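Given next are the chains, with one letter for each unit.
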Amino acid sequence: PSGGLNRCVCVHDDYQKTADWLLSQTKHRPQVAIICGSGLGMLADALKCQDAFHYTDIPGFPQSTVQGHAGRLVFGELKGKTCVCMQGRFHMYEGHSLCKTTFPVRVFKLLGVETLIVTNAAGSLADGLKPGDIMIIKDHVNFPGLGGFNPLNGPNDDKFGPRFPAMSACYNPGLRCLAMDIAKQQGVAELVQEGVYAAVGGPNFETIAEAKLMHRLGVDAVGMSTAPEVVVAVHCGLRVFGISLITNKRPLSPVSAEIMMLQKNKHKKRVWSTRRPVILQKDQRANPPQVGVA
Ligand SMILES: O=P(O)(O)O[C@H]1O[C@H](CO)[C@@H](O)[C@H]1O
């Protein structure tokens, strides 16, 4: 891969200009940045003493084009910490270069942010992750990155980080532990577990073969964002915490009526799960078992 969309064309000054403009417009000096995933923009409503800016008014900022992403940067206080919250993120499938997709992360660094919290909506590939559950991201597979689509492509900016940054501990273990402890304290531990997130390019959802492949590779949840932001954040030394809100399940094989009926018969629930499909024997295929009959 080469060319316009796959090469960072922003220089240090571009990020600095945006950061300087924001610092001139607000008295807040954030320590924590939060990127709100699809449908999660209401997280920003919790901030007190807000200063909010539409992306259209921020010099150099990309524009949000996706439903569920309001396109506002909100500064404010949350439990004694000063935060900046992105109500709406940028995705590669919108036509943004990865450099633009991740532009805010470097701006956050220049604002003085130390910790980045990434959130997203994701599809589950794991048996135990149901819609409504929360997955604390312990690691990711960056499929576009493995294919050479990386926000760090192009000349390295040494002021942000090294040419070859390590990605072996992207998601801060201390913050992951803390989140799990808080889930227990709040009595919601059964809704929360750790898992591996995979980023795909989108905008189409996965084929069954792709979902199966990712499941076999150890992926628990899949989405179309987050990994590029995290790569840029880790490159410039931010501490990262990530969570996926599970919004749907991805089927792992075509659900044929006879397999569904048999699974319903055997397991009584989750009829469409094909994780352990029942393979019909030759004689059964000619004369399939009847629903409701043992
Ligand atoms: O990752 P976020 O921005 O939460 O959005 C997720 O939801 C959208 C698909 O419904 C995709 O953009 C996917 O990445």
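Residues numbered from 1 in each chain as written. Predicted model: local features only at pLDDT ≥ 70, side-chain atom pairs only at ≥ 80, totals over all residues. Heavy atoms only, no water.

As annotated in an unreviewed UniProt entry, the protein is Purine nucleoside phosphorylase from Myripristis murdjan. In its Pathway (unreviewed entry) section, UniProt records this for the protein: "Purine metabolism; purine nucleoside salvage." The annotation that UniProt attaches to the protein under Sequence similarities (unreviewed entry) is "Belongs to the PNP/MTAP phosphorylase family." (UniProt positions renumbered as here; feature names shortened; annotations may be inferred.)

Novice: Requested: an account of the overall build of the protein, with residues and values cited.
Specialist: Summing up its helical and strand segments, the protein has nine helices and nine strands in all. Classification of the 294 residues of the protein by burial places 45% in the buried group. Considering only residue pairs separated by 6 or more positions, the protein has 78% of its internal contacts joining residues 24 or more positions apart. (Helix = DSSP H or I, 4+ residues; strand = E, 2+ residues; numbered from the N terminus. Buried < 20%, exposed > 50% of the residue type's maximum accessible area, 1.4 Å probe, protein only. Contact = heavy atoms within 4.5 Å.)

Novice: Which residues make up the UniProt feature "binding site: phosphate" (unreviewed entry) in the protein, and what values do they have?
Specialist: Using the residue numbers shown here, the UniProt feature "binding site: phosphate" (unreviewed entry) corresponds to Ser 38, His 69, Arg 89, Phe 90, His 91, Ala 121 and Ser 225. In sequence the annotated residues extend across 188 residues, while in space they remain close, none of their C-alpha pairs exceeding 13.5 Å. Mapped onto the fold, His 69 is located in the loop between strand S2 (48–54) and strand S3 (72–78). Once residues lying within four places of it in the same chain are set aside, the contact partners of His 69 are Cys 36, Gly 37, Ser 38, Ser 64, Gln 87, Gly 88, Arg 89 and His 91. By secondary structure assignment, the location of Ser 225 is in the loop between strand S8 (221–223) and helix H7 (227–235). Judged by its relative accessible area of 8%, Ser 225 falls in the buried class. With residues up to four places along the chain from it excluded, the contact list for Ser 225 reads Arg 89, His 91, Asn 120, Tyr 197 and Ala 199. Within the local environment of Ser 225, its side chain forms a polar contact with the side chain of Arg 89, the two groups lying 3.3 Å apart. (Polar contact = N/O pair within 3.5 Å; in protein donor to acceptor, adjacent residues only side chain to side chain.)

Novice: So what about the packing of aromatic side chains? Which residues, and what values?
Specialist: If you walk through the whole model with that rule in mind, you get eight aromatic pairs. Look at Tyr 55 and Phe 61: their rings are 5.0 Å apart centre to centre, the planes differ by 50 degrees, and that puts the pair in the tilted class. For the pair formed by Tyr 55 and Phe 61, the shared burial category is buried. Lying across the ring of Phe 103, Lys 100 places its NZ or CZ 5.1 Å from the centre. (Phe/Tyr/Trp six-rings, centres within 6.5 Å; stacked < 30°, edge-to-face > 60°. Lys NZ or Arg CZ within 6 Å of the ring centre and 35° of its normal.)

Novice: Requested: an account of the site of the ligand, with residues and values cited.
Specialist: Around the ligand, the structure places Gly 37, Ser 38, His 69, Arg 89, His 91, Tyr 93, Asn 120, Ala 121, Met 224 and Ser 225. Separating an oxygen atom of the ligand from a side-chain N or O atom of His 91 is a distance of 2.7 Å. Separating an oxygen atom of the ligand from a side-chain N or O atom of Ser 225 is a distance of 2.5 Å. Considered on its own, the ligand offers 340 Å² of accessible surface; in the complex 82% of this is hidden by protein. Residue composition of the shell around the ligand, by class: three nonpolar, six polar and one charged. (Near = heavy atom within 4 Å. Areas by Shrake-Rupley, 256 points an atom, 1.4 Å probe, with all protein chains shown as cover. Nonpolar A, V, L, I, M, F, W, Y, C, P; charged D, E, K, R; others polar.)

Novice: Go over the nonpolar core with me, naming the residues and quoting the values.
Specialist: Membership of the largest hydrophobic core comes to 47 residues, with the highest contact counts inside it found for Tyr 15, Leu 22, Leu 73, Phe 108 and Leu 116. A per-element tally of this core places H7 first, with six residues. When neighbours within four sequence positions are excluded, Leu 73 is seen to be in contact with Leu 22, Asp 51, Ala 52, Phe 53, Tyr 55, Ile 58, Phe 61, Val 84, Cys 85, Met 86 and Phe 108. (Core = buried A, V, L, I, M, F, W, Y, C linked by side-chain atoms within 4.5 Å.)

Novice: Before we move on, can you summarise the state of the cysteines with the specific residues and values?
Specialist: Under the defined criterion, the tally for this structure stands at zero disulfides. Free of any disulfide, Cys 10 has its nearest neighbouring cysteine sulfur in Cys 99, separated by 3.3 Å. Free of any disulfide, Cys 83 has its nearest neighbouring cysteine sulfur in Cys 85, separated by 7.4 Å. Taking relative accessible area as the criterion, Cys 83 reaches 3% and is therefore assigned buried. (Disulfide = S-S within 2.5 Å.)

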